[in-house]
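Below, each chain spelled out in residue letters.
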Amino acid sequence: MSKFLALILTSLLLLAGCGGSGTSTHQPPPPPPPPPNQVIATPGPPNAESLTLDAGPTALTTPAVNTAFVTVNVCMPDGTFATCQAIDHIEIDTGSIGLRIIAAGAPAGQLSLALPAVADPNNASNHLAECLEFADGFSWGSVNTADISLPVSGETATNVIVHVIGAASAGDPAKASPTCVPPAPLVTENTVPAFGANGILGVGPFVNDCNSTSDCKALPPSPTGCSGSSCYPGNSATYFSCTAAASCAQTTVHLQQQLPNPAVVFAKHADGSVDNNGVIVELPAVGASGAAGPLSGGVLVFGIGTQSNNAITGATKLPANQSSGVISATLNGTMYPNSYLDSGSNANFFPSTLPGCPSPNQGFLCPGSTTSESAMLQGTDGTVLAADFSVANANSLFSNASYVAFSNLAGNNSDNSSVDLGLSFFFGRNVFTGFEDPNVSAPYFAY
């Protein structure tokens, strides 16, 4: 099935829900007690990768906040894992799908391996490129094949389709048909400073980035978004066929050419187990004023119920919509039907009447005092689960330049159908993202 998954990379927007009741009070909440039942897995084989929160790559013009990074070894796709590059500051994103890395030819990009291009299945003399739409901009680059490994957990995958953003071989995104240059106020995110990371490891709830069961089709007869004389792709992931001269036109690709969720294609371990049905983001609690970077102690656990360290015991499952990957939420008496939990959002974003921050922190909230919010999340099977969080003054939080982790950072969501519980919500919780099983079972969230 085709799917929609709203994508957040940096500091603005996203989704919401239904069921139960939600409240808001404007009294300072008591300090959060330490989570008595949180157990964070020990990093290491076979499935636990260390997470680090810091200010991000040195090329960033604005330091990263609430961004969890890993290092990924990207290798030539020959099965030997002998010719590789270790790419640091890859963001972990449970709200998108696929491994995407900034090319060395783009400003500050690291990846310089000559990874083989993926041929257009409809014209073998052409190669593929992709335009990916995030909520705040578009990213353009070539489609290539790589072997990948994670240095701490030891998880591996071979012949993985990846997106090399800013690759010269993909040509000029402005000359693609339809164009991959976004309309204002969206921005082009083909460089490390614009992207906010050296790449992204998208381990969201779907098995690939376009269509779970069949072809990712070009949009006939034209794209769905137009502004003036320029038209834009209508799907979050759009594939293009490019000539040697990098003249690119939208095309249809099969399942084999679509970017997969990297965790779905992990290799089996020696005991026959495979950690490909979900991920758990496990982050320690942080205090009301935040935490300085680098903040270690977080872990990305691959698989759910596949090893002794990833049981879902004690967590409540919220099944999501099979096609869209969203649940519903109710906050302050309003139902938001398109909500979700997303580690790639650096704050909790929801429609709010709280005061916004002045420039340069516009988009974040700056209430006069810390505010308590209480949402009720509801899965598609009717299961409800409370989601309590606080909203502090972002200007005050950011006043300590060495701090990179905040559990009470929030922003105003211009999407009036959604509450997006971003990385702020993950601190002190083990948050599960269960992958779909196409035509069998829907994805889910749990904590």
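Residues numbered from 1 in each chain as written. Predicted model: local features only at pLDDT ≥ 70, side-chain atom pairs only at ≥ 80, totals over all residues. Heavy atoms only, no water.

### Quick look at the environment of Ser-418
Counting through the fold element by element, Ser-418 comes out in the loop between strand 26 (410-412) and strand 27 (420-421). Distance from Ser-418 to Phe-350, taken between C-alpha atoms, is 6.6 Å for residues 68 residues apart in sequence. Separated by 2.9 Å, the side chains of Ser-418 and Asn-413 make a polar contact. (Helix = DSSP H or I, 4+ residues; strand = E, 2+ residues; numbered from the N terminus. Polar contact = N/O pair within 3.5 Å; in protein donor to acceptor, adjacent residues only side chain to side chain.)

### A closer look at the pairing of strand 11 (residues 199-203)
Of all five residues in strand 11, five are buried, a share of seventy percent or more. Pairing geometry for strand 4 (residues 84-93) and strand 11, over four bridges, is parallel. Among the inter-strand pairings, Ile-90 is bridged to a residue of strand 11, identified as Gly-199. In the sheet, strand 5 (residues 97-102) pairs with strand 11 via five bridges, with the strands oriented antiparallel. Bridged to Leu-99 within strand 11 is Leu-201. (Buried < 20%, exposed > 50% of the residue type's maximum accessible area, 1.4 Å probe, protein only. Pairing = 2+ DSSP bridges.)

### Notes on the packing of aromatic side chains
Using the criterion set out here, one finds eight aromatic pairs in the structure. Measuring from centroid to centroid gives 5.2 Å for Phe-425 and Tyr-447, while their planes differ by 80 degrees, and the two rings are edge-to-face. With Phe-425 in helix 3 (residues 423-426) and Tyr-447 in the segment after strand 29 (444-446), the pair connects residues that are 22 residues apart, well separated along the chain. The ring of Phe-425 carries Arg-429 above its face, with NZ or CZ at 3.7 Å from the centroid. A cation over a ring is seen here: Arg-429 above Tyr-447, with NZ or CZ 5.7 Å from the ring centre. (Phe/Tyr/Trp six-rings, centres within 6.5 Å; stacked < 30°, edge-to-face > 60°. Lys NZ or Arg CZ within 6 Å of the ring centre and 35° of its normal.)

### Some remarks on the state of the cysteines
Enumeration over the complete set of coordinates arrives at five disulfides. Disulfide pairing places Cys-75 opposite Cys-84 at an S-S distance of 2.1 Å. Handedness here is read from the sign of the S-S torsion; for Cys-75 and Cys-84, about 100 degrees, the answer is right-handed. Paired by a disulfide, Cys-131 and Cys-180 hold their sulfur atoms 2.1 Å apart. Here the disulfide of Cys-131 and Cys-180 is right-handed, its torsion about the S-S bond being about 85 degrees. Here Cys-131, found in strand 7 (residues 123-134), pairs with Cys-180, found in the loop between strand 9 (156-165) and strand 10 (187-188); they are 49 residues apart in sequence, far enough to count as distant. (Disulfide = S-S within 2.5 Å.)

### A closer look at the environment of Ser-96
As for its position among the elements, Ser-96 is in the loop between strand 4 and strand 5. The exposure class assigned to Ser-96 is buried, which follows from its relative accessible area of 2%. It is 9.2 Å that separates the C-alpha atoms of Ser-96 and Asn-208, two residues lying 112 residues apart in sequence. A polar contact of 2.7 Å, which involves the side chain of Ser-96, links it to the side chain of Asp-93.

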